[in-house]
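Tertiary structure, described
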Amino acid sequence: MNYFPDEVIEHIFDFIASHKDRNSISLVSKSWHKIERCSRKKVFIGNCYAINPERLIERFPSLRSLTLKGKPHFADFNLVPHEWGGFVHPWIDALAKARVGLEELRLKRMVVSDESLELLSRSFASFKSLVLVSCEGFTTDGLASIAANCRHLRELDLQENEIEDHRGQWLNCFPETSTALTSLNFSCLKGETNLAALERLVARSPNLESLKVNRAVPLDALTRLMSCAPQLVDLGVGSYENEPDQESFVKLMDAIKKCTELRSLSGFSEVAPLCLTAFYPICENLTSLNLSYAAEIQGNHLVRFIQFCKRLQRLWILDSIGDKGLEVVASTCKELQELRVFPSDLHDEEDNDTAVTEIGLVAISAGCPKLHSILYFCKQMTNAALITVAKNCPNFIRFRLCILEPNKPDHTTSQSLDEGFGAIVQACKGLRRLSVSGLLTDKVFLYIGMYAEQLEMLSIAFAGDTDKGMLYVLNGCKKMRKLEIRDSPFGNAALLADVDKYRTMRSLWMSSCEVTLGGCKRLARNAPWLNVEIINENENNDLMERNEEDEREKVDRLYLYRTVVGARKDAPPCVTIL
Amino acid sequence: MNEFVNLKATELRLGLPGTDNVFEERQRVSCNKRAIQGDSENETESSTLKIEMSPPRKAQIVGWPPVRSLRKNIIQTKKNESDSEGGRGHYVKVSMDGAPYLRKIDLSCYKGYSELLKALEIMFSFSVGEYFEREGYRGSEFVPTYEDKDGDWMLIGDVPWEMFVSTCKRVRIMKGSEAKGLGCCV
């Protein structure tokens, strides 16, 4: 029984933005379910194969904004074949046919074609925002359609996509009447950029707050862009290997000084040290800094820059900053919330003393009280350091530690890092995401299962001893949604122990583990509401035809996920859905 | 059992005898003791080839470390550039203020400063003046400098040639008033 008319309830629901909350609301009663679904504007779909577009549209006819995710996370590291799936076209097609008033589309790890982009650009008159993250399959021709046909486009944000650059004139395709842009990011494009078109576009976009250009925008062009867009809040620059001459330097610095709203800086795929100094005037305003692509810049230049960035909340940097550099960060950036330290040497070969170690991590934890998210690549770690970090920072929400050499123990005691990670999960009661590395036994998973009550995503590589490890996690972590495991000795016993657990999870990934074909088949039989995918790039792919002996064959890559629409029809030959 | 037959001696493998077999390394690393499945990673192939040319590299595992391709490519490019400085040639970038693009030279091709400077003068069509220990370069608005391993900009010619070659990371020919700071007397 509702005490208020539906319109009032709907109005109240308008204040609820989080999709998790709206999902909860829809479970209260039939009436609320209906009001909620008819008024829902934003929908988030974490796995595009869990549902199909027709059912989506049926349930949410007022849809305006859709977020879709395709490939599993390990696709980022080349563990998923390119043709695996995650095609956006059927979604755009269905939305267009149903005449949904789509305004915003956000895609992650999906395959997007030029045809899809063309269809998108022609089908939704009010389309405003396109955000593509880690997608592939399209070219600058597709971008040209978006530019030309989306009259009300405000946001075009391309993050780390694989885009074939046809060196066309896509920037020219924005009509002269297009003045509504607030965000333009084409940093991942590899080819030449039509600078004149870009400058004209920026000049006629007074609301532009975020601009991220690609490598091909030289310093003088950047200077001109900044001069006509001093309102910028978020800037991504190009590649500046060469030191500027005196005159260019002065002009650049003058332009930068005028950008008093600038809070976020990124790009710098190469930056000569002097060029970096031109940005000193706005350092103290910066809340976000990404220098993690500047592989050639020396640690001391990085440190000199960061010394001025007292308000930094987010920092992405390379490990060339060193422990000393991190100590400077710790004493300067008291507002720091998120830190990512990426490796500059991938194979742990050089006797590189300048990269970061456990010392830097401890320094950061001691100096930055607001730190809640960390991604840290390093060559060595100790339990003592992790225990100290846990004590200093009980507020971690995301803790991802990657020790470059698999199975590496505590380098002072030669023991496993079970105790160190155990301390982290015990202290950080709000931990939602964890990646572990180094030498780890089943014990670390006992700790995780026992203490990590809020954990939603766990990444495991080269860890554990027996099925018990995985079982501790599956039994203990009630909020687990995404579990991804590689090269760890977990097998059928763990996989099959509690099939219903997978109802509460979005997905499970296991590669180079001990699960066999027989085990996966059994799982698929017991859980028809799961898609159990075996990815196998070898020739002989008739997995269903295998006889008894082959059931004992280990599965190379297993990806399973709950779904309400059964086996997908677009799987390539290398994928078998059991 | 292996004590009776030295299987290893007769084993066919890539690389020169006596070098580590990269597949053994991989197996040690992976808990599963399973050879890496058909990977199309270029890095892995090139590492197999490189065994014959340089000390054995640590095993390269598919998808490890967990870094996106975009980042890997950037770092790999830098690594290749610095690798080439290691054995077969000591290439460094040379920039000149005002020039639209950089050049690259192999320091190991030169026997000393005079040869190097002459080559630079020809490459960029300028002249460098005369070197004096106290005052630096006199007689030209161009000053040759280099960035050393510590990231500092030094005047070319101050240290012994061998030390220069081992510490030089890149070369910059400064021009005009900036050059004055380093001891150029025009």
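The numbering scheme is per chain: residues are counted from 1 as the chain's sequence reads. Ligands are numbered from 1 and chains lettered from A, in the order in which they are written. Under the rules for a predicted model, residues below a pLDDT of 70 receive no local features and side-chain atom pairs below 80 are neither given nor counted, while totals for whole chains, interfaces and linings still include all residues. Based on all heavy atoms of the structure, the side-chain values leave hydrogens and waters out of the count.

As a reminder of what qualifies: UniProt positions are given in the numbering used here, feature names are shortened, and annotations may be inferred rather than shown by experiment.
Per an unreviewed UniProt entry, the recorded name for chain B is Auxin-responsive protein, and the organism is Eruca vesicaria subsp. sativa. Quoted verbatim from the Subcellular location (unreviewed entry) field of the UniProt record, the comment on chain B reads "Nucleus".

The name given to chain A in an unreviewed UniProt entry is F-box domain-containing protein, with Eruca vesicaria subsp. sativa as the source organism. The UniProt entry for chain A carries the following text under Pathway (unreviewed entry): "Protein modification; protein ubiquitination." Here is the UniProt Subcellular location (unreviewed entry) comment for chain A, exactly as written: "Nucleus".

Here's the deal with the overall build of chain B
The test is simple: Every helix listed is a DSSP run of H or I at least four residues long, and every strand listed is a run of E at least two residues long, numbered separately from the N terminus. Only protein chains enter the calculation, and the probe is 1.4 Å; a residue is then buried if its accessible area is under 20% of its type maximum, exposed if over 50%, and partly exposed in between. Residues count as neighbours in contact if any of their non-hydrogen atoms are within 4.5 Å of one another. A 1.4 Å probe and the Shrake-Rupley method give the accessible areas. Residues count as covered only by the protein chains that appear here.
Check the secondary structure of chain B and you find 7 helices and 7 strands. Expressed as a percentage of its 186 residues, the buried residues of chain B come to 42%. Sequence-distant contacts in chain B: of pairs separated by 6 or more residues, those separated by 24 or more amount to 48%. Summed over all atoms, the accessible surface of chain B reaches about 10,800 Å², with 54% contributed by carbon and sulfur.

Description of the overall build of chain A
So the rule is basically this: Our radius of gyration is a C-alpha quantity, and the globule rule it is checked against amounts to 2.2 Å times the number of residues to the power 0.38.
Looking only at helices and strands, chain A has 20 helices and 25 strands in total. For chain A, whose C-alpha radius of gyration is 25 Å, the value lies close to the compact-globule estimate of 25 Å for 578 residues. Overall, chain A is about 75 × 65 × 60 Å in size when its C-alpha atoms are taken along their principal axes. Looking at the 578 residues of chain A, the share that counts as buried comes to 58%. Split by element, the accessible area of chain A, about 23,300 Å² in all, is 50% carbon and sulfur.

So, the state of the cysteines
Defined as follows: Here, a disulfide means two cysteine sulfur atoms that sit within 2.5 Å of each other.
The final tally for this structure, using the stated rule, is 0 disulfides over all chains. Note on A:Cys402: no disulfide assigned, nearest cysteine sulfur contributed by A:Cys378 at a separation of 7.8 Å. Free cysteine: B:Cys109, not disulfide-bonded; nearest cysteine sulfur from B:Cys168 at 14 Å.

Quick word on the pattern of salt bridges
This is how it is decided: By convention in these notes, a salt bridge is any Lys or Arg side-chain nitrogen within 4 Å of a carboxyl oxygen on Asp or Glu.
Tallying each qualifying case throughout the model produces 31 salt bridges over all chains. A salt bridge links A:Arg122 to A:Glu118; its shortest N-O distance comes to 2.5 Å. Taken together, the positions of A:Arg122 and A:Glu118, both in helix H6 (residues 114–123) and 4 residues apart, correspond to about one turn of that helix. Through salt bridges with shared partners, a single network forms among A:Asp76, A:Arg109, A:Glu160 and B:Arg68.

Quick look at the UniProt feature "domain: F-box" (unreviewed entry) in chain A
Cross-referencing UniProt, the feature "domain: F-box" (unreviewed entry) maps to residues 4–43 of chain A in the present numbering. The span residues 4–43 of chain A carries 62% helix and 5% strand; its end-to-end C-alpha distance comes to 25 Å.

Overview of the sheet that holds strand S2 (residues 103–106) of chain B
Residues and elements named next belong to chain B. This is how the line gets drawn: Any two strands are treated as partners once DSSP identifies two or more bridges connecting them. Where helices are involved, their axes are fitted lines through C-alpha atoms of the stretch in contact, as for all axes, and angles between N-to-C directions lie from 0 to 180°.
Pairing is mixed across the open sheet formed by 5 strands, whose spatial order is S2-S1-S7-S5-S6. Since the sheet does not close on itself, it has two edges, and those belong to S2 and strand S6 (153–155), each with one partner. In this sheet, neighbouring strand axes are inclined to one another by 30° on average, regardless of whether the strands run parallel or antiparallel. Against the sheet, helix H5 (residues 113–124) makes contact with strand S1 (91–96), S2, strand S5 (142–148) and strand S7 (168–175), and its axis sits at roughly 155° relative to S2, the strand it touches most.

Topic: unusual backbone geometry
B:Trp64 connects to B:Pro65 through a cis peptide bond whose omega is -5°. Its place among the elements puts B:Pro65 in the loop between helix H3 (42–50) and helix H4 (69–86). At A:Asn78, a residue that is not glycine, the phi angle is positive and equals roughly 65°. You can see A:Asn78 is positioned in the loop between strand S2 (65–69) and helix H5 (89–97). Positive phi is not limited to glycine here, since A:Arg99 has a value of about 55°. Topologically, A:Arg99 is positioned in the loop between H5 and strand S3 (104–108).

A closer look at the packing of aromatic side chains
This is how the line gets drawn: Side-chain rings of Phe, Tyr and Trp (the six-membered ring for Trp) are treated as a pair once their centres are within 6.5 Å; stacked means planes under 30 degrees apart, edge-to-face means over 60, and tilted covers the remaining angles. Here, over-ring charges are defined by two tests on the NZ atom of lysine or the CZ atom of arginine: distance to the ring centre within 6 Å, and angle to the ring normal within 35 degrees.
Applying the stated criterion across every chain, the model contains 25 aromatic pairs over all chains. Seen from their ring centres, A:Trp170 and A:Phe174 are 6.3 Å apart, and the 55° between their planes marks the pair as tilted. For A:Trp170, a relative accessible area of 6% corresponds to the buried category. Exposure remark for A:Phe174: the relative accessible area of 3% places this residue in the buried category. Grouped by ring-pair contacts, the aromatic residues A:Tyr49, A:Phe74, A:Phe77, A:Trp84, A:Trp509, A:Tyr559 and A:Tyr561 constitute a single cluster. We note A:Arg568 situated over the ring of A:Trp84; from NZ or CZ to the ring centre the distance is 4.3 Å. Sitting above the plane of the B:Phe132 ring, B:Arg138 keeps its charged end 5.6 Å from the centroid.

Here's the deal with the side chain of A:Ser210
Here A:Ser210 is to be found in strand S9 (residues 210–212). Apart from the residues lying within four places of it in its own chain, the contact partners of A:Ser210 are A:Thr182, A:Ser183, A:Leu184, A:Leu232 and A:Asp234.

Examining a nonpolar patch on the surface
Defined as follows: For patch building, the residue pool is restricted to those with more than 30% relative accessible area and no salt bridge; the joining distance is 9 Å between like charges and 5 Å between nonpolar side chains (Val, Leu, Ile, Met, Phe, Trp, Tyr).
On the surface, A:Tyr3, A:Phe4, A:Val8 and A:Ile12 cluster together into a nonpolar patch covering about 460 Å² of accessible area. With respect to the helices, strands and loops of the structure, A:Phe4 is situated in the segment before helix H1 (6–13).

As for the confidence of the model for chain B
Close inspection of predicted coordinates is inappropriate for parts of the model with low pLDDT. Cut-off, in case you're wondering: pLDDT expresses how confident the predictor is about each individual residue, on a scale running from 0 to 100.
Looking at chain B, pLDDT values average 68 and 55% of them are 70 or higher. As a predicted assembly, this complex carries a pTM of 0.79 together with an ipTM value of 0.86.

Section: the pairing of S1(B)
Each regular strand carries side chains that alternate between the two faces of the sheet. All names here are of chain B. In terms of burial, S1 is a largely internal element, 5 of the 6 residues being buried. Pairing geometry for S1 and S2, over 4 bridges, is antiparallel. Across the sheet, the residue bridging to Val92 is Ile105, located in S2. Where S1 folds back onto S2 in an antiparallel hairpin, the turn is made up of 6 residues, including Gly98, whose phi is positive at roughly 95°. Two strands pair when backbone bridges link them, and S1 and S7 are joined in this way by 4 bridges, in the parallel orientation.

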